[in-house]
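Chain by chain, the residues run as shown.
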Amino acid sequence: MDLSRTPTSRWLSPVPWGFALLATASSLTYGGDHAVNAWASTDLANMGDHPVEALIVSAFLFGADPWACLRGIALAGAVLAFLVIRFGTMRAVALVAAGQVLGTLVSEGLLAARIAAGQADPALRTTLDVGPSYVIVSALAAVVVAGAQRWHRRTALAALVMRAPHITSGLTTLGVTPVGHVTALFTGLLLARGLRSSDARVNRCAPCTPGHPSVRLYLPKVTEGDVPWQPP
């Protein structure tokens, strides 16, 4: 992708730094507040009471450890910047929102089904589940597939590989968090591939669009005395 043709609005998008600022303020203020974390948790109990609020607030709580919090926020801000440069603000936000929502719905939905079938303890309905990991994982996967620059893709892949043990830990026992991580991962992969294919089709069709710089109409020169052609 030629970055020289990237719209200025993508470079100036408030999404990366806005997310970083809000996450820093909320995490340093409420990261260690048990009451706030319990309210923002995307567990089954909260999903039945205030799902939208929990899904949004949870994504901005990075935990109580300030250094780990700042490292996570730096990674999130960088990968969101890569994503916005490639797809623009609206599509980038839609993609990570889909990762957060689908990661939560699939993981908590599976837990609800297991509880109903007697395969999981009902007490797990209120297990604390906060953090932006579904957002980050879906964004990393999307950048790996469709990053604007090779170094964007390689950086995202390296970060994803480093986080792989954490992402998949507990997957064999169908833990809520690893199931959500894998769901967010595939959400980011599939949506990014779809958006990349859509962009490719648009770029192929652009030269055929009237008014495009590459379109030229060549008409025969009519000289004085010529009789204009008339249909039969």
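Rules used in this analysis
Residues numbered from 1 in each chain as written. Predicted model: local features only at pLDDT ≥ 70, side-chain atom pairs only at ≥ 80, totals over all residues. Heavy atoms only, no water. Axes fitted to C-alpha atoms, helices over the stretch in contact; angles between N-to-C directions. Helix = DSSP H or I, 4+ residues; strand = E, 2+ residues; numbered from the N terminus. Parallel < 35°, antiparallel > 145°, perpendicular 65-115°, else oblique. Left-handed = near helix turned anticlockwise from the far one by under 90°. Contact = heavy atoms within 4.5 Å. Nonpolar A, V, L, I, M, F, W, Y, C, P; charged D, E, K, R; others polar. Core = buried A, V, L, I, M, F, W, Y, C linked by side-chain atoms within 4.5 Å. Buried < 20%, exposed > 50% of the residue type's maximum accessible area, 1.4 Å probe, protein only. pLDDT = per-residue confidence, 0-100. Patch = residues over 30% accessible without salt bridge, like charges linked within 9 Å, V, L, I, M, F, W, Y side chains within 5 Å. Areas by Shrake-Rupley, 256 points an atom, 1.4 Å probe, with all protein chains shown as cover. Salt bridge = Lys/Arg side-chain N within 4 Å of Asp/Glu carboxyl O. Lys, Arg positive; Asp, Glu negative; His and termini not counted. Charge placed at Lys NZ, Arg CZ, Asp CG, Glu CD.

A. Highlighting the packing of helix α8 (residues 133–146) against helix α9 (residues 150–168). Their axes nearest at 8 Å, the elements α8 and α9 cross at an angle of 140°. Between α8 and α9, the angle is such that the two are oblique. Between α8 and α9 the crossing geometry is left-handed. Counting all contacts with α8, which are made through Ser 133, Ile 136, Val 137, Leu 140, Ala 141, Val 143 and Val 144, the residues of α9 involved are His 152, Arg 153, Ala 156, Leu 157, Ala 159, Leu 160, Arg 163 and Ile 167. Tallied by class, the residues present in the contact of α8 with α9 amount to eleven nonpolar, two polar and two charged.

B. Looking closely at the nonpolar core. Ranked by internal contacts, the top residues of the largest apolar core, which has 43 residues, are Phe 19, Phe 62, Leu 83, Leu 95, Val 96, Leu 140 and Ala 192. Top contributing element to this core by residue count: α8, with eleven residues.

C. Structural detail: the confidence of the model for the protein. Per-chain confidence: the protein averages 88 in pLDDT, with 86% of residues scoring 70 or above. Averaged pLDDT values over the elements of the protein bottom out at 80 in helix α1 (residues 8–11) and peak at 97 in helix α7 (residues 89–116).

D. Representation of a positive patch on the surface within the structure. On the surface, a cluster of positive charge is made up of Arg 150, Arg 153, Arg 154, Arg 193 and Arg 196. Counting residues per element, the ones that place at least two in the positive patch are α9 and α10 (176–205). Looking at which element gives the most residues to the positive patch, the answer is α9, with three residues. One can find Arg 193 in helix α10.

E. Geometry of the environment of Leu 21. You can see Leu 21 is positioned in helix α2 (residues 15–30). Judged by its relative accessible area of 54%, Leu 21 is exposed. Through-space distance from the C-alpha of Leu 21 to that of Ile 73 is 8.7 Å; in sequence the pair is 52 residues apart.

F. Main features of the packing of α2 against helix α6 (residues 66–87). Direction vectors running N to C along α2 and α6 enclose 160°, while the axes themselves pass 8 Å from each other. Of the possible angle classes, the one that applies to α2 and α6 is roughly antiparallel. In this structure, α2 crosses over α6, and the sense of that crossing is right-handed. Contacts from Val 15, Pro 16, Phe 19, Ala 20, Ala 23, Thr 24, Ser 27 and Leu 28 in α2 reach Pro 66, Cys 69, Leu 70, Ile 73, Ala 76, Gly 77, Leu 80, Ala 81 and Val 84 in α6. Taken together, the residues that form the contact of α2 with α6 break down as 14 nonpolar, three polar and no charged.

G. Just unusual backbone geometry, in detail. Positive phi values are uncommon outside glycine, yet Leu 174 reaches one of about 60°. Secondary-structure assignment places Leu 174 in the loop between α9 and α10. Of the residues examined, Leu 174 reaches a relative accessible area of 39% and is grouped as partly exposed.

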